[in-house]
Amino acid sequence: MTDTKRIPAFCAQCRSRCGCTAVVEDGRLTGIEPLPDHPSGAKLCPKGRAAPEQVYHPDRLTHPMRRTTPKGAAKTAWERISWDEALDTIAERLGEIRRDHGAEQVAFGVTTPSGTHVSDGIAWIERFIRAYGSPNTIYGTEICNWHKDIATKFTTGHDIGTPDFARTGCVLLWGHNPATTWLARSVEIQKGLRNGARMIVVDPRPTTFARRADCWLRVRPGTDQVLALGLAHIMVRDGLHDGDFLTRWSNGPLLVRQDTGRFLRESDLSATGSDAILMALDADGGLLRYDCDAGRWLDTSSTAVLNSNGTVEGIAGPIVCQSAFGRWQDVLATHTPDRVAGITGVPPEKLQQAASILGGSSSVAYYSWTGVGQSITATQTDRAISMLYAMTGSLGVPGGNVAGGAGVFNDISGTELIGADQKAKALALDTRPLGPSASGWVTGRDVYRAILGQGPYPVRALFAFGGNPLAAQPDTALARDALAALPFHVHADFFLNPSAEYADIVLPVATSWEREGLRTGFDCGLDGLRRVQLRPAVVAPVGEARSDIEIALTLAERLGLSGQMFDGDVDRGHDHALAPSGLTVADLRARPEGATLPGQVAFRAYAELDGNGVPAGFRTPTRRVEIWSEQFRDHGQDALPVWHEQPGATPAPLTLSCAKTVAYCHSQHRNIASLRKLMPDPTLEIAAAAAASRGIANHDWVEVLTSTGRFVAKARLTRDISPNAVFAQHGWWAPDAADGAGSDAFLPANMNQAVNTAVSDPISGSIPLRATPCDVRRLPDT
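Residues numbered from 1 in each chain as written. Predicted model: local features only at pLDDT ≥ 70, side-chain atom pairs only at ≥ 80, totals over all residues. Heavy atoms only, no water.

Student: Break down the packing of aromatic side chains for me, citing the residues and quoting the values.
Tutor: Using the criterion set out here, one finds 20 aromatic pairs in the structure. Taken together, a centroid distance of 5.8 Å and an interplanar angle of 75 degrees make the contact between Phe108 and Tyr132 edge-to-face. With a gap of 24 residues between them, Phe108 in strand β6 (residues 106–110) and Tyr132 in helix α4 (residues 122–132) connect regions that are remote in the sequence. Owing to a relative accessible area of 2%, Tyr132 belongs among the buried residues under this scheme. Centroid distance Tyr664 to Trp732: 5.7 Å. Interplanar angle 85 degrees. Geometry classified as edge-to-face. A residue pair is termed long-range when its members are at least 10 positions apart, and Tyr664 in the loop between β28 (654–658) and α26 (673–678) and Trp732 in the loop between β32 (725–728) and α28 (739–742) qualify at 68 residues. You'll find Tyr664 and Trp732 in the same group, each marked buried. By way of ring pairs, the aromatic residues Phe108, Phe128, Tyr132, Phe463 and Phe465 are connected into one cluster. Here Lys148 stacks its cationic end above the ring of Trp369, 4.7 Å away from the centre of that ring. If you follow Arg535 out to its NZ or CZ, it ends over the ring of Phe10, 4.7 Å from the centre. (Phe/Tyr/Trp six-rings, centres within 6.5 Å; stacked < 30°, edge-to-face > 60°. Helix = DSSP H or I, 4+ residues; strand = E, 2+ residues; numbered from the N terminus. Buried < 20%, exposed > 50% of the residue type's maximum accessible area, 1.4 Å probe, protein only. Lys NZ or Arg CZ within 6 Å of the ring centre and 35° of its normal.)

Student: Now, about the pattern of salt bridges: what can you tell me, with residues and values included?
Tutor: Within this structure, the stated rule accounts for 42 salt bridges. With its nearest N and O atoms 2.9 Å apart, the salt bridge here joins Arg694 to Asp775. Of this pair, Arg694 sits in the loop between α27 (688–692) and β30 (701–705) while Asp775 sits in strand β33 (residues 772–778), placing them 81 residues apart in sequence. Because the salt bridges share partners, they merge into one network encompassing Arg262, Arg265, Glu630, Arg633 and Asp634. (Salt bridge = Lys/Arg side-chain N within 4 Å of Asp/Glu carboxyl O.)

Student: Any details on the pairing of strand β17 (residues 311–314)? Residues and values, ideally.
Tutor: The pairing of β17 with strand β18 (residues 317–323) spans 4 bridges and is classified as antiparallel. Looking at the pairing, Thr311 lines up with Val320 of β18. In textbook terms, the turn of a hairpin is the stretch between consecutive antiparallel strands, and for β17 and β18 this stretch comprises 2 residues. (Pairing = 2+ DSSP bridges.)

Student: Give me the lowdown on the sheet that holds strand β11 (residues 215–217), citing residues and values where you can.
Tutor: As summarised here, the arrangement of the 4 strands in space is β11-β10-β9-β19, forming an open sheet in which the pairing is parallel. Two strands bound the open sheet, and with one partner strand each, they are β11 and β19 (364–368). Here the strands of the sheet are splayed against their neighbours by 10 degrees on average, with no regard to which way each runs. Relative to β19, strand β9 (residues 170–174) is paired through 5 bridges, and the arrangement is parallel. Looking at the pairing, Leu172 lines up with Tyr366 of β19. Along the sheet, helix α15 (residues 348–360) makes contact with β9, β10 (198–202), β11 and β19, crossing β11 at roughly 125 degrees. (Axes fitted to C-alpha atoms, helices over the stretch in contact; angles between N-to-C directions. Contact = heavy atoms within 4.5 Å.)

Student: Break down unusual backbone geometry for me, citing the residues and quoting the values.
Tutor: Most peptide bonds adopt trans geometry, and most residues besides glycine take a negative phi value. One non-glycine residue, Asp26, lies in positive phi territory at about 50 degrees. On the secondary structure map, Asp26 appears in the loop between β2 (19–25) and β3 (28–34).

Student: I'd like a rundown of the sheet that holds β2, residues and numbers included.
Tutor: As summarised here, the arrangement of the 3 strands in space is β1-β2-β3, forming an open sheet in which the pairing is antiparallel. Among the strands making up the open sheet, the edge pair consists of β1 (4–10) and β3. Across the sheet, the axes of successive neighbouring strands diverge by a mean angle of 30 degrees, strand direction being ignored. Looking at chain direction, β2 and β3 are connected through 6 bridges and run antiparallel. Residue pairing in the sheet places Ala22 in a bridge with Ile32 of β3.

Student: Mind laying out the nonpolar core, listing which residues take part and the relevant values?
Tutor: In terms of nonpolar packing, the biggest core is built from 79 residues, with Trp174 and Trp328 touching the most fellow members. Looking at this core element by element, the count peaks at 9 residues for helix α10 (residues 224–237). Not counting residues up to four positions away in its chain, the partners in contact with Trp174 are Val202, Asp224, Leu227, Ala228, Leu231, Tyr367, Ser368, Trp369, Val372, Ile385 and Leu388. Listed in part, the 51 residues of the second largest apolar core include Trp83, Trp124, Leu561 and Phe632. (Core = buried A, V, L, I, M, F, W, Y, C linked by side-chain atoms within 4.5 Å.)

What is shown is where atoms sit, not what they do.
Right, dumping it as structure tokens:
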């Protein structure tokens, strides 16, 4: 008889982390089913259901291999080696480089936890990297999560938070399509809509939610910042913003010096004044004193006054000042509906409708992601959207975006293990000091240049835990040159992909179904944050595959780093992570479906009072929502999200953008038969008029051309799409294209090699994956 087991689990393949039941027959994974009682388990996407195909795919890497042919050979040849030989070789090379040249000369690559199985192992990998001492990890965060998770902190002091979509009065989706990328979050949105929430969708494509929206803003790709400023203009003009919230909780009332762009300080007015005390205007023209270190207003006012001409008498003479909110209003004043419509393509009446919904809703919950994070203005766009959202007064309220979790956990990613001197060596930190490099996350192109001798020091080795930068990121030619020149390269993965073909040693990695994985909260919604789960290994690893965690721990042991890795004891590390919550690994093993924490996420945490009656405020330099960012100003950036025409933009007939598909994550899954049936070929969504003027019919093979390169796809004529933009999918590489188009080496299917990265976001390093000038032509029949 068949031995069938039904094991509670969760799928780690993408950001949704859907709760599920793994069906195992005679020790073999045969199916994945929903787990309705789980916070994220109502539904499963095709990728989750295809898990058995991925686990038992005939192309899975099953043993370590070493290259036997030179890099650049027409065909790569490999020989099988043992784990001991592989790990000994790797440890010897990494140890030599660290000893003789410095740990910074080894770069690491970590695939995205938002779209791969690495999500419940990444903290261990990062701990190993930091214990080793490298400040250089290629993470792709500058074109993924950095803006919503880190850049938002410049405004609110915390990440974007968890949107309480199920209880909100208004759903705002900005460049985010959870119907294809985050199924569990999509379920939460539908709960909100059933409860009567209105919905605004900002997207150039007619997505499922765009078609259902009360207000769909079909924005021109690359102009989201202007749209946010235009909506803010209307809300201020019409009194639709929450003025009480901004006055009480933002730095809008603080005075800004016209000459320096810095806040007016008490020390500007008196030789005995404090730099930490900032000045604001009271109703009678007097100056209020605000202690930004303590986050509170002082009982006594300044004797100075703001004159009618906007000056205050300082130590060195008159100082012209204006409130931060006044400076912001000056910026907004230029973003009239007509001007914004001309730039964004969104009609004035739609702008008015959206602003009225935002201002008239009891609460607003929003989310934005790569749709706005993949542009050369991504950071200031995030600032503009975050400030617009603050205007609604929905920060931290029920039905709004709520920061934090339902429980407290220890971070085991090892940020404390790498010293300040070593962190300061991160590539491009000198040019982008506020960006991802400050956390040790560097761009692929910065590493490529260092490999080729164009950096502050050479990169001599790369250890990649997954990833496929040749297909998943631009700078393809630069990447090929660098990987071919790299002295030592290790790649750990499920399959041999184009980037792994350049490695010296390849390691087989276990899928999430073949190892344990800890999840401390499921952020599909606020209720999900209370669930903690330790997913068991539902089946044994295929062949000799090992988990990323085991690889990191065994290498750490060989490098003498076990003491910084919980002595190689995974349970000990997980118990440390769980300790503040009161849970243990043993508790969770006894409850494979997960445990529910008794607490709730805190609403309005910024208003909680300490023992002295002072509110917690926001974790920003002024302890308030930052309308005016002195931190940006001090680093040579605009203190307000001022829109500048994009430099180097060359007029072109069309704009190339991209979008995700439900069938694939990044460059993965195209070798899975059931998923390939859903999308056999790369497609290019194009408006009917744009196609007709070029003689293009539906399903024709077309070529997309930019100043940088070209690629091929099948035309998909799409109703209601942005008329002057076309939309491809990243992650395709030449062997994936259909025979008729992919056989010509000059006609690859990889859109990323057509993206020009010469200009990037000056703060984050993001690049124009969503807005590159292009044209399209029909390919001749073959």
